[in-house]
Amino acid sequence: MHQLFGLVLGQRDLSRAGDLFSLEDSEIEDCLSQALEEIKAISCSPDYLTNDNDQAVVEICITRITTAIRETRSIERHGGALVGLWESCLEHNLTPQGKDEDTPHAKIASDITSCILQNYSRPPVMALAVPVAVRFLQRGNRELSRNMSSYLSLAAMAKADLLAEHTEAITCSVLGGNHMLLRVLPSVYPKQPRAIHRHLGNLTAMMSQLESPEQQHLLRLIQMVAEQQPQVLSPLVPSLVGYLGDASLNETLLGALVYVSQASPASMAPFLPALRVVGQQYPVLLGHMVKIHRAVGLTSECQARSSLVYLVSLLGSMDHSFHHSLLLEIRALTDRYSSILGGCAKDIYRMSNSFSSIARLLGRRLEMDTTINCRVEEESEGPPSPCISEASVCGGAGGCGGGSDQRLQVKIQAFEEKMGEEGGEGSPTPQRRNSMGQAAREKHREMRFNRSKSLALQAVRSRSVNSDSGQDGEGVELTSDAFLSESPPNHQTEALDTSPTERKLTNENSLSPSTPPATPSEEQRDRPGEGEGGRGGGLGEGTEDKLYSHLRDNMEKIKEFCSEMVQQIPIPEHCVIEDSSHGSVAKLSFSCPLKGRYCLYSRSCFTLTSLQPHLWTNIMLLHLQSKHSAPLSSLDDCVQRLGRLWERTQLKGAHDFSVAMTQQPTPRRKDLDSLQIHLQEVRFFDLFGFSEEEGSWLCYMCNNPEKASVVNEDGQPLIEGKLKEKQVRWKFIKRWKTRYFTLAGNQLLFRKGKSKDELDDSTIELSKVQSVKVVAKKRRERGLPRAFEIFTDSKTYVLKARDEKHAEEWLQCINVAVAQARERENREATTYL
């Protein structure tokens, strides 16, 4: 042992303990294990708990030893002695004596923990450390347990095998309140499934007590169990169904229940009514509902009848992209139990060319079959069959009486007669037309007529479906898209499907404030019904352009609204409707109209994706109207292009464009606030500001030409100062180091020290920055976030400012510099070409 170490530890000389830090790490590296053994002997002595001098000597020596181990990277060499000292702490009391007052041995354990467990990627060290670390979880020290949990989570990601044999202890710690360890369970489950199966019920019961990140780990575990051994979840079906009302949980849980229904359909059968209610509340989950109903329906003809009534009703309510797969599930049930439809099943599928027609024919067949079965049961002397009563669509306290079924048929017949009177021609058989354009319009009108008829029939039937589940009111939310051919869905059946060019709105295609709206054609002007309103007519005799009338009556209100609105919300230069997993979204583009010398968006655009395409469409229409002295009409080209955008969104049960635009003169305040919040989230206001002088939204550089000239010509930094950089990418490990950052030109420079005079620069190329995002704060923390992330093509940087104001300044300057770097690249590419 080194002479100084021997003196300090042998004589417990506190006055010389500080001199250990004057020694080079290489001088003491060979004796670290021997020193640890001596410290272990001191800490285990009977008088250690009361000897403050010995405690201080031990604390200083441990700090010096762990520092030397880190710097010399000799943890594998001295790991055995370090873990031995660590383990000896378990033989003593670790429970805090007072508020935030650790026992002497708890302090030793805490000092050693990070030195050992930071080496989670080294299997030899973890093989020694993990068995000891798991024992600390049950010793009553919350802080120690929390630190162990953090590092064990990392160890599970690096080497799950090391933790697998301790699955029982880890699970018990989770049930005892150490919820952080939930992230470990999915990693060890494949190795020790039985240990987790024993406690799965108690783990599931904790769901409502957990924070959102912890819930996600438990959901992942449940999903893994469902995929590998779904029968284990059968006893938990009641509790899992009970959580389906939570929007953050239901999609994953319902996916797990799909696996359960395939392995144990009987366990799901009693909960079908509850699942239908969830399906009404969350239409996005209907795909899972269909699979569960199919699995349960395949168990018996009784269940098949009940499931078919529900599945057939969905043909008129689900999004058209699901229709083909839904019909396949229906067909699987009718093929398994052919007696339900008799010999007419194939004829039903072949004779109809739309899903709505198939739904109508299947529904009638099921009603007829149910009525016959009900009558047979009434004529028999025995008690009614439970299968018939369950499959009945009549419902109610009256069982399968014929009165309810007759009323349903009377409603359907009356509706068909009414629709036939209103439809004029009535027959869908096409007649000769004077022109191809008129033929297309007539065909589209007939399709809409048949669609409305089918939807109304489905609405009547959905009431009877709800009676089966004990619910009142409409059974399923209806959509206007329930018409497709029997073949897989395609866009050729959409009469208003447009080319990619037509789906775009730009200032060049009649949406510029300086471009007047197109006037109606000669054919439209010569039609009867043209009233004094000019463009308000031209829609056919006895009809009126409601959109024209609405805009005419609210001209002043719209102009007043737009004059204030454009100063808060920018009008996009370009809008494209796209499909996504969240439904239809609007991809919006904004550019700077001034296009000055240092403009950030003279050759590029700021783009964002919005989940509110209807609101943006409404705003664009009002802005167009505010720029014209005469009311716009449905016949104007620019309005028709907006209408096509509206139809591309395909919202369920939504009004058509003209009707929707006349519901209210202007959008509600809270809707505009939601747009502003989204613009703030994507940092739009960092890069653009409204110029009262120009009357439009200009980019940062065009709004601040004096700053632009300084930054671009004199090479002055846009901003500089100290920021903290996070050293470890995991959120629960808080290690920050202060750096000095300088934002200048195309680079964000930072130095390893705190001063701008220190050397050793590092650089972030702004042209390689993909995005800059604010790090969300925890719910219990108030105020604006101070931390933000910079994502490049190869690395992510997490930085933190001293306060919220300072963070906002850095965010704006970085976003401006990134936009400037991209614009410079675009200019160079254009010049090269």
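Residues numbered from 1 in each chain as written. Predicted model: local features only at pLDDT ≥ 70, side-chain atom pairs only at ≥ 80, totals over all residues. Heavy atoms only, no water.

1. Observations concerning the overall build of the protein chain
Along the protein chain, the regular secondary structure elements total 39 helices and 12 strands. Within the protein chain, the proportion of its 833 residues that are buried is 48%. Within the protein chain, residue pairs in contact and separated by at least 24 positions form 64% of the contacts whose partners lie at least 6 positions apart. Carbon and sulfur atoms provide 48% of the accessible area of the protein chain, an area that totals close to 41000 Å². (Helix = DSSP H or I, 4+ residues; strand = E, 2+ residues; numbered from the N terminus. Buried < 20%, exposed > 50% of the residue type's maximum accessible area, 1.4 Å probe, protein only. Contact = heavy atoms within 4.5 Å. Areas by Shrake-Rupley, 256 points an atom, 1.4 Å probe, with all protein chains shown as cover.)

2. Here's the deal with the packing of aromatic side chains
Centre distance and the angle of the planes are the two values used to describe a pair of aromatic rings. According to the stated counting rule, one finds 16 aromatic pairs in the structure shown. A ring pair is formed by Phe606 and Phe688, whose centres lie 6.2 Å apart and whose planes are at 75 degrees; its orientation type is edge-to-face. Residue Phe606 is located in strand β3 (residues 606-610), and its partner Phe688 is located in strand β4 (residues 688-691); the two are separated by 82 residues in the primary sequence. The burial state of Phe606 is the same as that of Phe688; both residues are buried. Three or more aromatic residues link up through ring pairs in this structure, and these residues are Phe590, Tyr601, Phe606, Trp616, Phe684, Phe685, Phe688, Phe690 and Trp697. Here Lys773 stacks its cationic end above the ring of Phe791, 5.8 Å away from the centre of that ring. Taking NZ or CZ as reference, Lys800 lies 4.3 Å from the ring centre of Trp736, over its face. (Phe/Tyr/Trp six-rings, centres within 6.5 Å; stacked < 30°, edge-to-face > 60°. Lys NZ or Arg CZ within 6 Å of the ring centre and 35° of its normal.)

3. Quick look at helix α32 (residues 613-626)
Note: α-helices contain 3.6 residues per turn, so residues at a spacing of three or four share the same orientation. Between its terminal C-alpha atoms α32 stretches 20 Å, which fits the 20 Å expected from 14 residues at 1.5 Å a residue. The element α32 is extensively covered by neighbouring structure, given that 14 of its 14 residues are classed as buried. (Expected span 1.5 Å × (residues − 1).)

4. Re the pattern of salt bridges
Throughout the structure, instances matching the rule amount to 18 salt bridges. Its salt-bridge partner being Arg294, residue Glu329 comes within 2.5 Å of it at the nearest N-O pair. Linking Glu329 in helix α22 (residues 323-336) with Arg294 in helix α20 (residues 286-297), this pair joins segments that are 35 residues apart in sequence. For Arg294, a relative accessible area of 30% corresponds to the partly exposed category. We note a salt bridge from Arg305 to Glu301, for which the minimum N-O separation is 2.7 Å. Taken together, the residues span about one helical turn, with Arg305 and Glu301 both in helix α21 (residues 301-314) at a distance of 4 residues. In this structure Arg305 comes out as buried when scored by relative accessible area, which is 9%. Classification of Glu301 by relative accessible area gives partly exposed; the value is 29%. (Salt bridge = Lys/Arg side-chain N within 4 Å of Asp/Glu carboxyl O.)

5. Considering the packing of helix α7 (residues 104-117) against helix α9 (residues 142-158)
Packed helix pairs are specified by the crossing angle of their axes together with the interaxial distance, meaning the distance between the axes. Between α7 and α9, the least distance of the axes is 11 Å, while the angle of their chain directions is 10 degrees. Considering the angle they form, α7 stands roughly parallel to α9. In contact with Ala106, Ala109, Ser110, Thr113, Ser114 and Leu117 of α7, α9 contributes Leu144, Met148 and Tyr151. When its residues are assigned to classes, the contact of α7 with α9 shows 6 nonpolar, 3 polar and no charged. (Axes fitted to C-alpha atoms, helices over the stretch in contact; angles between N-to-C directions. Parallel < 35°, antiparallel > 145°, perpendicular 65-115°, else oblique. Nonpolar A, V, L, I, M, F, W, Y, C, P; charged D, E, K, R; others polar.)

6. Some words on the confidence of the model for the protein chain
When pLDDT is averaged along the protein chain, the result is 75; 69% of the residues meet or exceed 70. For the stretch residues 371-538, pLDDT sits under 50, and the model shows 262 contacts to residues farther than four places along the chain or on other chains. Counting interchain partners and residues more than four positions distant, the pLDDT-below-50 stretch residues 779-783 has 4 contacts. (pLDDT = per-residue confidence, 0-100.)

7. Section: the nonpolar core
Counting residues in each nonpolar core, the largest one holds 120 residues, and the members touching the most others are Phe5 and Trp86. Ranked by the residues each element gives to this core, the list is headed by helix α8 (residues 123-136), at 8 residues. Beyond its immediate stretch of four places on either side in the chain, Trp86 contacts Ala109, Ile112, Thr113, Ile116, Leu117, Ala129, Val132, Ala133, Phe136 and Met148. Counting residues in each nonpolar core, the second largest holds 74 residues, with Val639, Cys702, Phe750 and Val816 among its members. (Core = buried A, V, L, I, M, F, W, Y, C linked by side-chain atoms within 4.5 Å.)

8. Notes on the pairing of strand β12 (residues 796-800)
The element β12 is largely enclosed, with a buried count of 4 among its 5 residues. Note: strand β6 (residues 719-726) against β12, 2 bridges, orientation antiparallel. When the sheet's bridge partners are listed, Lys724 is paired in β12 with Lys800. In this antiparallel pair of consecutive strands, strand β11 (residues 787-792) and β12, the connection spans 3 residues. (Pairing = 2+ DSSP bridges.)

9. Comments concerning the pairing of strand β5 (residues 696-699)
Sheet analysis places β4 next to β5, joined by 4 bridges and oriented antiparallel. The residue of β5 that forms the bridge with Ser691 is Ser696. Hairpin geometry of β4 and β5 is characterised by an intervening segment of 4 residues between the two adjacent antiparallel strands and by a positive phi of about 70 degrees at Gly695.

10. Examining α7
Here α7 contains 14 residues, and its C-alpha end-to-end distance of 20 Å stays within 8% of the 20 Å for a straight helix at 1.5 Å per residue. Counting buried positions along α7 gives 10 out of 14 residues, so the element sits mostly inside the fold. By the burial criterion, the buried members of α7 are Pro104, His105, Ala106, Ile108, Ala109, Ile112, Thr113, Cys115, Ile116 and Leu117. Residues of α7 that are buried in the fold lie against α4 (32-43), α5 (52-72), α6 (75-88), α8 and α9.

11. Topic: the sheet that holds strand β2 (residues 583-590)
Strand order in this open sheet of 3 strands is β1-β2-β3, and the pairing throughout is antiparallel. The sheet is open, and its two borders are formed by β1 (574-580) and β3, each paired with just one other strand. Across the sheet, the mean angle from the axis of one strand to that of its neighbour is 25 degrees, orientation sign disregarded. In the sheet, β1 pairs with β2 via 7 bridges, with the strands oriented antiparallel.

12. Digging into unusual backbone geometry
Both trends apply: most residues other than glycine have a negative phi, and most peptide bonds are in trans. Not every positive phi belongs to a glycine, and Arg73 is a case in point at roughly 50 degrees. Following the sequence through the fold, Arg73 ends up in the loop between α5 and α6. Judged by its relative accessible area of 68%, Arg73 falls in the exposed class. Even without being glycine, Arg683 reaches a positive phi, approximately 65 degrees. Among the secondary structure elements, Arg683 is positioned in the loop between α35 (669-681) and α36 (684-687). For Arg683, a relative accessible area of 10% puts it in the buried group.

13. As for the packing of α5 against α7
Remark: α5 packs on α7, axes separated minimally by 10 Å, with the N-to-C direction vectors making an angle of 5 degrees. Here α5 is positioned roughly parallel relative to α7, judged by the angle of their axes. Where α5 approaches α7, its residues Gln55, Val58, Glu59, Ile62, Thr66, Ile69 and Arg70 are matched on the opposing element by Pro104, Ile108, Asp111, Ile112, Ser114 and Cys115. Classifying every residue of the contact of α5 with α7 gives 7 nonpolar, 3 polar and 3 charged.

14. Description of the state of the cysteines
Tallying each qualifying case throughout the model produces 0 disulfides. The closest cysteine sulfur to the non-disulfide-bonded Cys592 is located on Cys702, 3.7 Å from its own sulfur. Classification of Cys702 as buried rests on a relative accessible area of 12%. (Disulfide = S-S within 2.5 Å.)

15. Re the environment of Arg183
Inspection of the secondary structure assignment puts Arg183 in the loop between α11 (167-175) and α12 (185-188). For Arg183, a relative accessible area of 28% puts it in the partly exposed group. For the pair Arg183 and Leu152, spaced 31 residues apart in sequence, the C-alpha separation works out to 9.5 Å.

16. Considerations on the environment of Leu632
Turning to its location among the elements, Leu632 is positioned in the loop between α32 and α33 (637-649). Residue Leu632 is classed as buried on the basis of its relative accessible area, which comes to 0%. Remark: the alpha-carbon pair of Leu632 and Leu621, spanning 11 residues in sequence, is separated by 9.2 Å.

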